[in-house]
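# Close look at the chain arrangement
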Amino acid sequence: ATLLAAQGHQPTHRPALAWALQNALAAAPVPRGVIVIDDAHRIADPAAFAFLDALLERLPSHWSLLLASRQAPPLALARLRALGELAELQPAELQFSPAETQALARIRAPGWPDAAVQHLHERTQGWPAGISLALAQAPSARAHEPAGPLPVPGRIPECGARSYTSDRAVFDYLYSEVLAGLPAALRDFLLRCAALSEWSTDACADVSGRHDAAEWLDDIERRGLFVTAAGPDASGAPVLRPHAVFLDGLRAAAQRECAADWPALQQRASHWERARPAAAAVSVPAPAQAPAPAPIFPPASPAPAAPPAPASAVCMLSAREREVLARIASGDSNKLIARAFDLSPHTVKRHVANILDKLVLSSRVQAAAWHQAQKAHHHQPARQREMA
């Protein structure tokens, strides 16, 4: 109600409103209080965030503000971070571990086979809401009746002799809570790139027809849209791998909303899937009756390998930061890194921020690509490095 009032007041009145709320909070007879704002990404009026900034400037010491949002809110986060008054939990810190998924399954779906629970964890990548929704639809251990087939592209992988098709509830959630709230251009880009199982700049540009694919991929990573850094491609550009259940949900939506274009998107994607290393799974085969058409525009020639960063850049990193960087390059989340080194997630977050600042990078994907380029350079024969 206070935020609504802040939106309705003139800008000159908002500090007074924030002051009145601060006084009320200070006088509240509670030893510790928390103001919780869920789904902050749905707040469209900048006035609400201006009011929150004013509130945070003089928030009583025994009160905290907790914001849950799918993207960084437009608040003075840099100032709060510098003052040590900001704690940030990214999707990686909120993921369930396999043991946590098993523990929830024992409560929500007792008797569900361990193989099914493990498969669910792998498909959701530990996403708590997806795990909970899937378990709510899970057949009980006493009901030996398999669920019906799911009308989406691809089939639901089987666990043992039965197929668990609880993805429909997860897809509905993704569609209404994630896709529906995205900008139309980003949503269209995601649906067109759904034909690919890995998203590199060149592949996404070719399949989607968007020359600004690099900017869209950076936006997807920044929003935390269910992707994992898969390392650099042959040209050193970052690659994102969408989580399995998210990718299936995108393909289901793409078949509904891009039905006329979907066969052509699959054909263009098959060119890139066949070009991937043999160890990678090819999930979008081209229709057998027609060869893949020419790309919308010729793929860019592989860029020459970027020169390795100077030795001084490596020396700027502490021993612990170099260890964290190696873990980032191997695809570990902050939560896994924290467990490996017996650190708090907040400490790992600070290490990651220091690494990006020292190397003048803007994302974990770029950090992983930088680390791989360093490894490749150091493994070159000395004569070859001298010739380069």
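Quick note: structure is the one above.
Fair warning: this is a prediction, and the values are worked out from it, not measured in the lab.

### A look at the packing of aromatic side chains
Here the structure, examined in full by the defined rule, presents three aromatic pairs. Measuring from ring centre to ring centre gives 4.8 Å for Trp 127 and Phe 226, while their planes differ by 65°; the resulting arrangement is edge-to-face. Taken together, the residues Trp 127 in the loop between α7 (114–124) and α8 (128–136) and Phe 226 in the loop between α12 (213–223) and β4 (227–232) connect sequence positions 99 residues apart. Accessibility classification places Trp 127 together with Phe 226 in one group, the buried group. Consider the rings of Phe 189 and Trp 216, whose centres lie 6.2 Å apart with planes at 25°: the pair is stacked.

### A look at the packing of helix α6 (residues 98–108) against α8
One way to put it is that α6 packs onto α8 with a least axis distance of 10 Å and a crossing angle of 30°. Between α6 and α8, the crossing angle belongs to the class labelled roughly parallel. Crossing of α6 over α8 shows right-handed handedness. Packed against α6, whose contacting residues are Thr 101, Leu 104, Ala 105 and Arg 108, the element α8 presents Ile 131, Ser 132, Leu 135 and Ala 136 at the interface. Here the residues of the contact of α6 with α8 sort into five nonpolar, two polar and one charged.

### A short note on the nonpolar core
Among the nonpolar cores identified, the biggest contains 51 residues, and Leu 190, Trp 199 and Ile 220 are the most heavily contacted of them. Per-element accounting of this core gives the leading share, seven residues, to helix α13 (residues 244–257). The residues contacting Leu 190, other than those within four sequence positions of it, are Leu 179, Leu 182, Trp 199, Ile 220, Leu 225 and Leu 250. Ile 328, Ala 338, Ile 355 and Ala 367 belong to the second-largest nonpolar core, a separate cluster that totals 15 residues.

### Section: unusual backbone geometry
Unlike most non-glycine residues, Gln 125 shows phi in positive territory, near 55°. According to the relative accessible area criterion, Gln 125 is partly exposed, its value standing at 33%. Even without a glycine there, the phi angle at Phe 226 is positive, about 55°. Classification of Phe 226 as buried rests on a relative accessible area of 12%.

Rules of the game
Residues numbered from 1 in each chain as written. Predicted model: local features only at pLDDT ≥ 70, side-chain atom pairs only at ≥ 80, totals over all residues. Heavy atoms only, no water. Phe/Tyr/Trp six-rings, centres within 6.5 Å; stacked < 30°, edge-to-face > 60°. Helix = DSSP H or I, 4+ residues; strand = E, 2+ residues; numbered from the N terminus. Buried < 20%, exposed > 50% of the residue type's maximum accessible area, 1.4 Å probe, protein only. Axes fitted to C-alpha atoms, helices over the stretch in contact; angles between N-to-C directions. Parallel < 35°, antiparallel > 145°, perpendicular 65-115°, else oblique. Left-handed = near helix turned anticlockwise from the far one by under 90°. Contact = heavy atoms within 4.5 Å. Nonpolar A, V, L, I, M, F, W, Y, C, P; charged D, E, K, R; others polar. Core = buried A, V, L, I, M, F, W, Y, C linked by side-chain atoms within 4.5 Å.

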